[in-house]
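Here are the chains, one letter per residue:
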Amino acid sequence: MKNILVCGLVAVWVLFSQQALTAGEPRAAKPGRRVALFDGKSLDAWDVLKCEAVLDQGTILLKAGNGLVQTKKKYRDYVFEYEWKALKDDKWDSGVYFRYDSVPDNKPWPPRYQANLLKGDEGNVHELKGATSQGLCKNGEWNSFKLTVRGATAQMEINGKPAWKVTGVEGPEYSFIGLQAEVPGGGQFRFRNIYITELK
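Note that this is a predicted model, so its numbers are computed, not measured.

Asker: Could you clarify how one ought to interpret the environment of Pro111 in this entry?
Answerer: Mapped onto the fold, Pro111 is located in the loop between β5 (95-100) and β6 (114-116). The spacing of Pro111 and Glu127 is 16 residues in sequence and 9.7 Å in space, taken between C-alpha atoms. With residues near it in sequence (within four places) discarded, Pro111 still touches Pro104 and Glu127.

Asker: Mind showing me how you'd approach the pattern of salt bridges here?
Answerer: As a working rule, side chains carrying opposite charge can pair if their charged atoms are close by. Within this structure, the stated rule accounts for 10 salt bridges. A salt bridge links Glu52 to Lys63, with the shortest nitrogen-to-oxygen separation between them at 3.9 Å. Separated by 11 residues along the polypeptide, Glu52 in strand β2 (residues 46-56) and Lys63 in strand β3 (residues 59-71) bring together distant segments of the chain.

Asker: Where do I start with the confidence of the model for the chain in this structure?
Answerer: If pLDDT is low for a region, its predicted coordinates should not be looked at in detail. Per-residue confidence for the chain gives a mean pLDDT of 89; residues scoring 70 or more make up 85%. Considering only residues more than four positions removed or in separate chains, one finds that residues 4-28, a stretch of pLDDT under 50, has 0 contacts.

Asker: Explain the pairing of strand β10 (residues 176-182) to me, please; I cannot follow it from the model alone.
Answerer: Put simply, side chains in a regular strand alternate between the two faces of the sheet. The buried count for β10 comes to 7 of 7 residues, which makes it a mostly enclosed element. Here β10 shows two buried faces, one formed by Phe176, Gly178, Gln180 and Glu182 and the other by Ile177, Leu179 and Ala181. Sheet analysis places β3 next to β10, joined by 5 bridges and oriented antiparallel. Paired with Leu68 across the two strands is Gln180, which belongs to β10. Here β5 pairs with β10 via 5 bridges, running antiparallel. Directly across from Tyr100, in β10, lies its bridge partner Phe176.

Thresholds applied
- Residues numbered from 1 in each chain as written.
- Predicted model: local features only at pLDDT ≥ 70, side-chain atom pairs only at ≥ 80, totals over all residues.
- Heavy atoms only, no water.
- Helix = DSSP H or I, 4+ residues; strand = E, 2+ residues; numbered from the N terminus.
- Contact = heavy atoms within 4.5 Å.
- Salt bridge = Lys/Arg side-chain N within 4 Å of Asp/Glu carboxyl O.
- pLDDT = per-residue confidence, 0-100.
- Buried < 20%, exposed > 50% of the residue type's maximum accessible area, 1.4 Å probe, protein only.
- Pairing = 2+ DSSP bridges.

And the structure:
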């Protein structure tokens with residue numbers, strides 16, 4: 001009886017010790033959990049490549065140059081949400097790149113895919129047939145985009161409305177996401193409220 005009691009106490013002590021050791025360890029993000037990639041306070045989740053980007057008024061301000069603000073992590077299937085605003089009065093141009101894993105040394109951006117932020121072409125992806133819409137964006141205001149990429153399928157929502165859904169997406173299984181700086185030609189842009197939800 002005494003041995004059983006001692007063994008039981010040892011087992012309880014081991015269990016509590018393990019819980020205490022793991023209590024402070026960060027847990028990996030689970031698929032389906034919406035995670036902030038930009039909370040208005042830091043660029044910790046991003047690398048700035050070949051351009052100038054700064055924190056300004058709780059936003060990422062693409063300030064100068066041609067390049068990318070690129071996620072540090074690669075993602076497989078996901079929902080990527082972001083709000084953007086062009087600061088140029090006319091002929092603004094930027095974009096969001098997805099399904100790529102590198103940028104050529106002699107180029108500021110990868111060859112594809114780009115969800116455009118060119119005036120009149122916002123949200124459209126030229127490299128994907130059918131990935132087009134018109135009239136869903138508000139000039140001079142904040143716009144909300146939701147890009148879903150799953151396997152060979154991609155779809156876009158603009159300001160809460162369905163814009164397009166297509167198949168035929170190619171590229172690496174795990175890839176970066178990049179905010180395009182094209183400031184000399186397209187002007188400065190702001191981005192805020194950037195979230196990702198990894199899909200199973």
